Amino acid sequence: MERNIWFIDKDSKNRWIYHRVKDYILSKKTKYQHVKILKTYEFGTVVVLDKKIQSSERDEFIYHETLVHPAMILHPKPENILILGGGEGATLREVLKHITVSKVDMIDIDKEFVDLCKKHLKKWHNNSFNDKKVNLIFDDAMEYVKRVRDTYDVIIADISDPVEGGPAKMIYTKKFYTYIKKALKADGLFVTHATNVSETGTTISFKLFNILSEIFAKAVFYYEYIPSFATQWAFIIGSAKYNPQTVSFRVINKRIIERELSNLLYYDTDAHKRIFCIPKHIKKFL
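Since the model is a prediction, treat every value here as computed from it, not as a measurement. Counting starts from 1 at the beginning of each chain's written sequence and moves along it residue by residue. The predicted origin of the model limits local features to residues at a pLDDT of at least 70 and limits the giving and counting of side-chain atom pairs to 80 or more, whereas totals for whole chains, interfaces and linings rest on all residues. Computation of side-chain values covers all heavy atoms of the structure but excludes hydrogens and water.

Structural notes on the pattern of salt bridges
Criterion for a salt bridge: a side-chain nitrogen of Lys or Arg within 4 Å of a carboxyl oxygen of Asp or Glu. One pass over the structure, following the stated rule, counts 17 salt bridges. Here Asp153 ties to Lys185 by a salt bridge, and the two come within 3.4 Å at their closest N and O atoms. With Asp153 in strand 9 (residues 152-158) and Lys185 in strand 10 (residues 184-196), this residue pair connects regions lying 32 residues apart in the sequence. Assessed through its relative accessible area of 4%, Asp153 is described here as buried. For Lys254, the salt bridge is made with Glu258, and the minimal N-O distance between the two is 2.6 Å. Of this pair, Lys254 and Glu258 are both found in helix 8 (residues 249-258), 4 residues apart, which corresponds to roughly one turn of the helix. With a relative accessible area of 45%, Glu258 lands in the partly exposed category. The network of salt bridges with shared partners includes Asp9, Asp11, Arg15 and Lys52. Helix and strand labels come from DSSP, where a helix needs a run of H or I of at least four residues and a strand needs a run of E of at least two; each type is numbered from the N terminus. Between buried and exposed lies partly exposed: a residue is buried under 20% and exposed over 50% of the maximum accessible area for its type, with that area taken using a 1.4 Å probe on protein chains only.

As C-alpha cells, then:
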C-alpha cells in the first residue's frame, strides 16, 4: 500500500505546495539549520533546509548549470574559483567540468550538512569533494571574504535562502558584496542565485539586483524556471568587464568545445539566449 505522507513547502503565507513523500531518509538539526532528505514521487530525492526545498534529484542540474556555466563561460580562462555555500557539492561538480580550473576554494559554514551530503547525495557531488583541486573550508562566508587575500577569477554564491533564523540571513547585504568585489581579480566575475522572481516586484531578487548594480560596473539579471521550486528563480552576474547579454554565440560554442563540456544536460547557446531575455513586465522592476 502506498504511503499517504506529504511534505508542505510553504512558499509564502498565501501559497503552499504539497509533495507526496515515499520515504524519509533523514531529519536532523545541525548547529546551523534543520536538514531533511526525503524521497518523493515527483522529484525523487529532495533536500530541505529549514522547511524550504533546496534541491531535487530530478531537476538540480537545471539550477546548478544555470548558476555556474554562464559566468564560467564568460571568463576566457577561469582558473582560481571560490564557491560560497553549495554544501550538496553539485555547484562544485559543475565548476570542475571546466578543464581550465586549477584550484577551487569552497566555503561552507555547516560541516554536519556537508558530511550528510557526502553520504546521501552522491549523485549531486559525484565524488567532487575528493578532487585534488578542491580546498574545502568550514567557515562563515562573510568572515572569509572579509579577510581573504587571494583573488579569484570567478566567485559563485550558492548560499541558502535568507530565512528567519537561518545561517544566511546576514549575507544578502551591500557589505557582503563589497567584500566579494575586493576578492575578485580585475576581470573577475561574481554570480549569485537571487531567490524567486515575483510578478509584482516584491521579492528580494530585485533588491539584490539594485545592490549589485551599485557595486559592479555591469550587473545582469537572469532567471529560469525550476520545477521543484514551482517558480522562476533569479540569478545575477556582476563584473567590471564582461556582459553575458553581448557575448557572441560563436564564443560560447567555442569555449564549450574547448573545455570539453559536451556532457552538460541543460546549458548551451539556446539556453543562454533564453535566460537573458527579460520580458517587459519583469524588466520594469530592474
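Side note on helix 8
Listed in full, the buried residues belonging to helix 8 are Val251, Ile252, Arg255 and Ile256. Projection of helix 8 onto a plane perpendicular to its axis shows the buried side chains occupying an angular sector of 135°, all on one side. Away from its buried face by more than 90 degrees, helix 8 exposes Arg250 and Ile257. Where helix 8 is buried, its residues touch helix 1 (60-74) and helix 9 (269-275). The reported arc concerns the directions from the helix axis to the C-beta atoms and nothing else. Two residues form a contact once any of their heavy atoms are found within 4.5 Å.

Thoughts on the sheet that holds strand 4 (residues 44-49)
Ordered in space as 1-2-3-4-5, the 5 strands form an open sheet in which the pairing is antiparallel. Each edge of the open sheet is held by one strand with a lone partner, namely strand 1 (5-12) and strand 5 (52-56). Ignoring which end each strand starts from, the neighbouring axes of this sheet average 50° apart. Where strand 1 lies against strand 2 (residues 15-29), 7 bridges are found, and the strand directions are antiparallel. Paired with Asp9 across the two strands is Ile17, which belongs to strand 2. Two strands pair under a simple rule: DSSP has to find at least two bridges between them. Note on definitions: angles span 0 to 180 degrees between N-to-C directions of axes, and those axes are lines fitted to C-alpha atoms, for helices only across the stretch in contact.

Some points on unusual backbone geometry
One non-glycine residue, Asp50, adopts positive backbone phi at about 50°. For Asp50, the position within the fold is in the loop between strand 4 and strand 5. Residue classification places Asp50 among the partly exposed positions, given a relative accessible area of 24%. The phi torsion at Lys51 lies on the positive side, around 75°, for a residue other than glycine. Structurally, Lys51 can be placed in the loop between strand 4 and strand 5.

Describing a nonpolar patch on the surface
Patch membership is restricted to residues that have no salt bridge and whose relative accessible area is over 30%. Joining uses 9 Å for like charges and 5 Å for the nonpolar side chains Val, Leu, Ile, Met, Phe, Trp and Tyr. Throughout, the Shrake-Rupley method with a 1.4 Å probe supplies accessible areas, and for residues the shown protein chains are the sole cover considered. A surface patch of nonpolar side chains, about 360 Å² in accessible area, is lined by Trp6, Trp16 and Tyr18. Mapped onto the elements of the fold, Trp16 is located in strand 2.

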